[in-house]
Structure formats: structure tokens, C-alpha cells
Amino acid sequence: MNIVFHSSQFNLSEWQQAFDKLSGDIILQSVDQVAMTDIDVLLIWKPTVLDWSAASNLQLVVWLGAGVDVTNPKLQLPSGVPQERLKDGGMKAAMCDYAHYAVLHYQRRFDRFLEAQRQSHWIIERDYKRKSDISIGVLGLGHLGMAVAEYLANQGYPVSGWSRSPKNHENVHSYAGDEQLEPFLKQCDLLINMLPHTTATHHLLDEQRLRQLPQHSAIISLSRGAIIDTQAMVNLIDQGHLRGAFMDVFEQEPLDKASPLWQHPKIIITPHQSAPTQTLDSAREIIHLIQGL
């Protein structure tokens with residue numbers, strides 16, 4: 001079986017080492033080592049080659065991440081070739097840790113303390129909020145979104161989630177469909193964005209919907225930056241409607257050095273590091289997919 005690894009970001013040798021620890025049967029090859037017509041499986045992430053239409057024997061495409069839109073029209077494939085994305089790849093635990101850290105940032109008023117530090121101001125108010133006092137909403141209940149929602153619910157936070165169709169989980173209150181998006185947003189003290197980017201979700205959080213969030217709520221954005229109209233969000237932060245934002249993803253990455261987001265006092269920025277793909281866990285998941293062919 002010819003398995004081609006193609007990525008402008010990930011290193012083939014590093015991934016081969018992960019496969020070697022699990023199986024001696026998986027040999028990764030670069031696109032220039034195999035004739036296009038002989039490729040059986042394609043492992044891909046941030047590709048520079050988009051036209052794979054000549055890969056007549058291609059049986060499976062695996063995106064080496066969890067947030068890829070598998071209907072990406074830019075990738076040209078033979079008709080009927082299935083596309084899969086990683087459902088875990090070690091990312092669930094990392095994403096849950098990151099989300100909890102960001103939640104604590106607002107629950108424990110670390111944003112206020114940072115602002116006070118800049119002003120050399122000693123805060124004396126003891127405005128402690130318990131976990132049960134913070135209503136968390138997870139926008140998008142896919143594999144990673146539900147993992148985050150379940151994790152935070154198990155930590156003792158009141159958690160709700162919104163998705164296109166209803167989800168059933170005893171500790172996560174489900175909102176579903178367009179008609180329930182506004183009621184969902186109106187009860188979120190903290191909104192965690194976990195939606196994939198599609199034509200339907202592009203700027204889903206526009207100014208109108210961001211205003212549906214309660215006064216002084218905050219946003220934690222972990223999936224795709226284009227879900228949020230960033231300028232509308234910044235305007236609402238500056239107007240005092242939103243408390244702030246904890247952002248790991250952006251419409252354009254890397255974030256431009258000239259972006260005002262870098263210096264905004266109420267925005268925390270990390271460089272798309274909330275849940276890095278773990279090669280060993282990912283290799284184990286990919287082997288299972290290949291065995292199913």
C-alpha cells in the first residue's frame with residue numbers, strides 16, 4: 001500500500017517515527033516518491049499540492065487535524081474518495097486543559113488583576129465567583145466541542161452547548177438549530193467557540209449575535225477564527241458590552257504583526273496552540289482507519 005504524506009507544516013520523519021513505534025508495516029512517502037496514479041492513502045495537512053484528481057487508486061484521504069472542513073473545494077480528488085479527519089489525535093486532553101485555563105482567567109478575575117497591575121492598583125474587593133456561578137456555553141458540539149463541554153461540566157461548571165442538531169448528554173444542556181441560537185447566547189457568561197469553519201458558520205458571530213451575549217460576558221475562541229466577526233467583537237469590547245476575549249485562532253494566520261489585537265488590553269492571544277496534534281496518538285488513529293479499508 002502506498003501511503004503519501006503531504007504537509008507544508010508537519011515533518012514526515014517525525015510522523016514516520018510515530019508509526020514505527022506502533023507498526024512496522026506503515027511506510028510514509030512524499031508526493032515525489034510515488035506516481036500519482038499509485039497512491040492508495042493520502043495523509044495531508046496545509047497542502048501545497050491541491051490537484052489530486054489523477055490519483056485514480058486513491059482510497060482514503062486523512063486530514064491531520066480535527067478542525068478541517070472535509071468538503072474543502074480547493075482540494076481536487078477523484079469522485080467518491082472518502083475524507084476523514086482526526087477525531088482525537090491527543091487533542092482532546094490538550095483542548096480541555098486550555099479551555100479550563102481560559103475559563104479560570106475570567107472566573108478568578110485574572111483579567112482584572114492584569115489590568116490593575118498595569119495601573120499599579122491594589123484590588124481590595126473580594127469578588128470571588130464559584131464554578132456554579134459561571135454559565136459556560138460551548139458553541140459547536142463535535143468531537144472536541146463535546147469533550148470540552150463534558151470536561152467543564154465534570155469540573156462543576158453549569159455547561160450548555162449549541163449545535164445544528166440536538167445532542168444528548170446528562171450534564172450538558174443542549175440547544176439546537178437556528179431558532180435556539182439566540183436563547184443559547186443570552187445565557188452565556190463565557191462563550192467557547194468550537195465550531196468548524198464552513199460557509200454556514202462564516203462570521204456566524206456577527207455584531208447582532210455578539211450583542212445577544214449578556215453584558216460583561218467574555219469569548220474564548222479555540223476552533224476557527226472566521227466564525228467571529230473580529231472587528232465587531234473588538235468594537236463591543238471597547239464599548240464595554242463584552243468583558244474581553246481569549247483568542248487562539250484568527251481569520252488570517254499567522255496574525256499580522258500590525259494587528260491591533262496584539263496590544264489590546266482586554267484580549268489574550270496565543271498562536272494556535274490550544275490543541276497541537278500529537279503524532280503518536282494520531283498515528284494510532286490513522287492505523288485504525290487504514291485497517292478499515
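Residues numbered from 1 in each chain as written. Predicted model: local features only at pLDDT ≥ 70, side-chain atom pairs only at ≥ 80, totals over all residues. Heavy atoms only, no water.

## What about the packing of helix H2 (residues 91-107) against helix H4 (residues 143-154)?
Okay, step 1: In the contact formed by H2 and H4, the axes pass within 9 Å of each other and the chain directions differ by 55 degrees. Relative to H4, H2 is oriented oblique. Seen from above, H2 lies across H4 with right-handed handedness. Contact residues: H2 offers Met91, Lys92, Met95, Cys96, Asp97, Ala99, His100 and Val103, while H4 offers His143, Leu144, Ala147, Val148, Tyr151 and Leu152.
Okay, step 2: Residues of the contact of H2 with H4, tallied by class, amount to 10 nonpolar, 2 polar and 2 charged. (Axes fitted to C-alpha atoms, helices over the stretch in contact; angles between N-to-C directions. Helix = DSSP H or I, 4+ residues; strand = E, 2+ residues; numbered from the N terminus. Parallel < 35°, antiparallel > 145°, perpendicular 65-115°, else oblique. Left-handed = near helix turned anticlockwise from the far one by under 90°. Contact = heavy atoms within 4.5 Å. Nonpolar A, V, L, I, M, F, W, Y, C, P; charged D, E, K, R; others polar.)

## Some words on the environment of Ala66
Okay, step 1: Position of Ala66 relative to the elements: it lies in the loop between strand S4 (60-63) and strand S5 (83-85).
Okay, step 2: C-alpha separation for the pair Ala66 and Glu84, spaced 18 residues apart in sequence, amounts to 9.4 Å.

## Things to note about the pairing of S4
Okay, step 1: The side-chain alternation of S4 yields two buried faces, one formed by Leu60 and Val62 and the other by Val61 and Trp63.
Okay, step 2: Taken together, the 4 bridges between strand S3 (residues 41-45) and S4 define a ladder with parallel strand orientation. Bridge pairing in S4 links Leu43 to Val62.
Okay, step 3: In terms of strand pairing, S4 meets S5 through 3 bridges, oriented parallel. (Buried < 20%, exposed > 50% of the residue type's maximum accessible area, 1.4 Å probe, protein only. Pairing = 2+ DSSP bridges.)

## Remarks on the sheet that holds S4
Picture the strands of a sheet paired through backbone hydrogen bonds; they go either parallel or antiparallel.
Okay, step 1: Read from one edge to the other, the open sheet built from 5 strands follows the order S2-S1-S3-S4-S5, with strand pairing classed as parallel. Edge strands, defined here as strands with exactly one partner in the open sheet, are strand S2 (28-29) and S5.

## Some remarks on the pattern of salt bridges
Okay, step 1: Inspection of every chain in the model, using the stated rule, returns 8 salt bridges.
Okay, step 2: Across the pair Glu84 and Lys87 runs a salt bridge, and its minimum N-O distance is 3.3 Å.
Okay, step 3: Classification of Glu84 as partly exposed rests on a relative accessible area of 25%.
Okay, step 4: A relative accessible area of 34% means that Lys87 is categorised as partly exposed.
Okay, step 5: Arg130 is the partner of Asp133 in a salt bridge, and the nearest nitrogen-oxygen pair spans 3.3 Å.
Okay, step 6: When salt bridges that share partners are traced, they join Asp111, Arg112 and Arg243 into one network. (Salt bridge = Lys/Arg side-chain N within 4 Å of Asp/Glu carboxyl O.)

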